[in-house]
Amino acid sequence: MLLKLAILISGRGSNMKAILNAVKKQNIPIKPTVVISNKPTAKGLKIASKLGVQTEIVESKGFQGTRWEYDQKIIHVLSKYDITSKNSLICLAGFMRILSPEFIKKFKNRILNIHPSILPAFPGLDAQRQAIESGVSHSGCTVHFVDEGVDTGPIIVQEIVKIKNDDTEETLSKRILVKEHKAYVKAVKLIAEKKIKVVGRNVKFLS
Ligand code: GRF
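Note that this is a predicted model, so its numbers are computed, not measured.

Asks: Got a minute to help me understand the side chain of S88 in this structure?
Replies: As for its position among the elements, S88 is in strand 4 (residues 88–92). At 2.6 Å, the side chain of S88 forms a polar contact with the backbone oxygen of T84. For S88, the contacting residues outside a window of four places in its chain are L3, K4, I83, F107 and R110.

The structure is reproduced here in structure tokens:
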């Protein structure tokens, strides 16, 4: 069964763009179906349209309901495209919202996230700044399944970046971003081609 790909964004959308381009160029067996943003101004929306993918906005600003109520609005949009917990891969790509436990449970092992550090180091916000301030020699990025914790789910792909003496948060973020694009594509490909399975907290690679 060909999986349907939904990508959730809030801004720039460079990871989204890398995934969409790679799916096309590398013939990855997955169907990019919709890009959803919680912000109407997200730059990634225009990029997605240009690449021929449907876009939707589920605005979160000013939404008065609970987290689960907001997520149900996302589920409503997904179902409009016939995206279910059985046929989907949902990539969070700079989506600046925490998902409700109900949503995560419903889409268990169907949601991926990218984080700009080598998890479990430096979870949460400003991971690149945390890395610089801690004095570590290397950082990087991690693509992982989303579970109920913050940046804690089973790890699929990690890429390492060396930190230079004169790195700032900006210069390090830039070099990590290049690796993010590679890592996210790798993870999506592994899942689309059904080459991994999750066993407890671990991702096992099938031959
Ligand atoms: C990336 O650094 C990603 O790791 C983090 O948010 C940023 C999103 O960038 N979660 P973009 O929107 O994909 O360009």
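Here the narrative resumes, following the displayed structure.
Asks: What exactly am I supposed to notice about the layout of surface pockets here?
Replies: Summary: where empty space remains is shown by rolling a probe the size of a single water molecule over the atoms. Taken as a whole, the largest pocket spans an internal volume of roughly 1,000 Å³. Forming the boundary of the largest pocket are 38 residues, of which G94, F95, M96, N113 and I114 lie nearest the centre. Of all the secondary-structure elements, those providing two or more residues to the lining of the largest pocket are helix 1 (14–25), helix 4 (101–106), strand 5 (111–115), helix 5 (127–134) and helix 6 (169–192). Tallying contributions element by element places helix 6 first for the lining of the largest pocket, with 5 residues. By residue class, the composition of the lining of the largest pocket is 15 nonpolar, 13 polar and 10 charged. Approximately 240 Å³ is the volume found for the second largest pocket. Along its surface, the second largest pocket is lined by M1, L3, K108, N109, R110, F145, I191, K194, I196, K197 and V198. Counting residues per element, the lining of the second largest pocket draws most heavily on strand 8 (residues 196–199), which supplies 3 residues. Here the residues of the lining of the second largest pocket are counted per class, giving 6 nonpolar, 1 polar and 4 charged.

Asks: When you look at the site of the ligand in this model, what are you seeing that I'm missing?
Replies: Every residue near the ligand is listed here: R12, G13, S14, N15, G94, I114, P116 and E180. Residue E180 places a side-chain N or O atom 2.7 Å away from an oxygen atom belonging to the ligand. Coverage of the ligand by the protein amounts to 85% of the 370 Å² it exposes when considered alone. When atoms are counted within 2 Å of each cavity's grid points, the one that captures over half of the ligand is the largest pocket. In terms of residue class, the shell around the ligand is built from 2 nonpolar, 4 polar and 2 charged.

Asks: Just to check I follow, could you spell out the sheet that holds strand 4 for this structure?
Replies: Within a beta sheet, neighbouring strands are joined by backbone hydrogen bonds and run either parallel or antiparallel to one another. The sheet built from 7 strands is open, its strands ordered 3-2-1-4-5-6-7 with mixed pairing. In the strand order of this sheet, the two ends are held by strand 3 (54–57) and strand 7 (155–162), each with one partner. Pairwise comparison of adjacent strand axes, ignoring direction, gives a mean angle of 20 degrees for this sheet. Of the pairings in the sheet, the one linking strand 1 (residues 3–9) to strand 4 comprises 5 bridges and is parallel in character. Its bridge partner being in strand 4, L5 is matched across the sheet by L89. The strands touched by helix 3 (residues 67–80) within the sheet are strand 1, strand 2 (30–37), strand 3 and strand 4, with strand 2 carrying the most contacts at an inclination of about 145 degrees. Packing against the sheet, helix 6 makes contact with strand 1, strand 2, strand 4, strand 5, strand 6 (138–145) and strand 7, and its axis sits at approximately 155 degrees to strand 7.

What counts, and at which threshold
Position numbers for residues start from 1 in each chain and track the written sequence from start to end. The predicted origin of the model limits local features to residues at a pLDDT of at least 70 and limits the giving and counting of side-chain atom pairs to 80 or more, whereas totals for whole chains, interfaces and linings rest on all residues. Water and hydrogen atoms play no part in the side-chain values, which are based on all heavy atoms of the structure. Helix numbers and strand numbers start at the N terminus; a helix is a DSSP run of H or I with at least 4 residues, a strand a run of E with at least 2. Counting of polar contacts relies on pairs of N or O atoms within 3.5 Å, with two restrictions inside protein: one atom must be capable of donating a hydrogen and the other of accepting it, and residues adjacent in sequence are counted only when both atoms are side-chain atoms. Any two residues whose heavy atoms approach within 4.5 Å at even a single point are treated as in contact. As defined here, a cavity is a set of points on a 1 Å grid over the protein atoms alone where a 1.4 Å probe fits but cannot get out. A pocket is an open set with protein on both sides within 12 Å along at least five of seven lines, and residues line them when an atom is within 4 Å of a point. Grid points are joined across faces, edges and corners, and a volume is the space filled by probe spheres set on the points. Classification used: nonpolar for Ala, Val, Leu, Ile, Met, Phe, Trp, Tyr, Cys and Pro, charged for Asp, Glu, Lys and Arg, polar for all others including Gly. If a single non-hydrogen atom of a residue is within 4 Å of a molecule or strand, that residue counts as near it. Surface accessibility in these figures is a Shrake-Rupley result with a 1.4 Å probe; residues are shielded only by whichever protein chains are displayed. By definition, a pocket or cavity contains a molecule when more than half of the molecule's atoms lie within 2 Å of the pocket's grid points. One bridge is not enough; two strands pair if DSSP finds at least two bridges between them. Structural elements are reduced to axes, namely lines fitted to C-alpha atoms, with helices fitted over the stretch in contact, and the angle between N-to-C directions of any two is expressed from 0 to 180 degrees.

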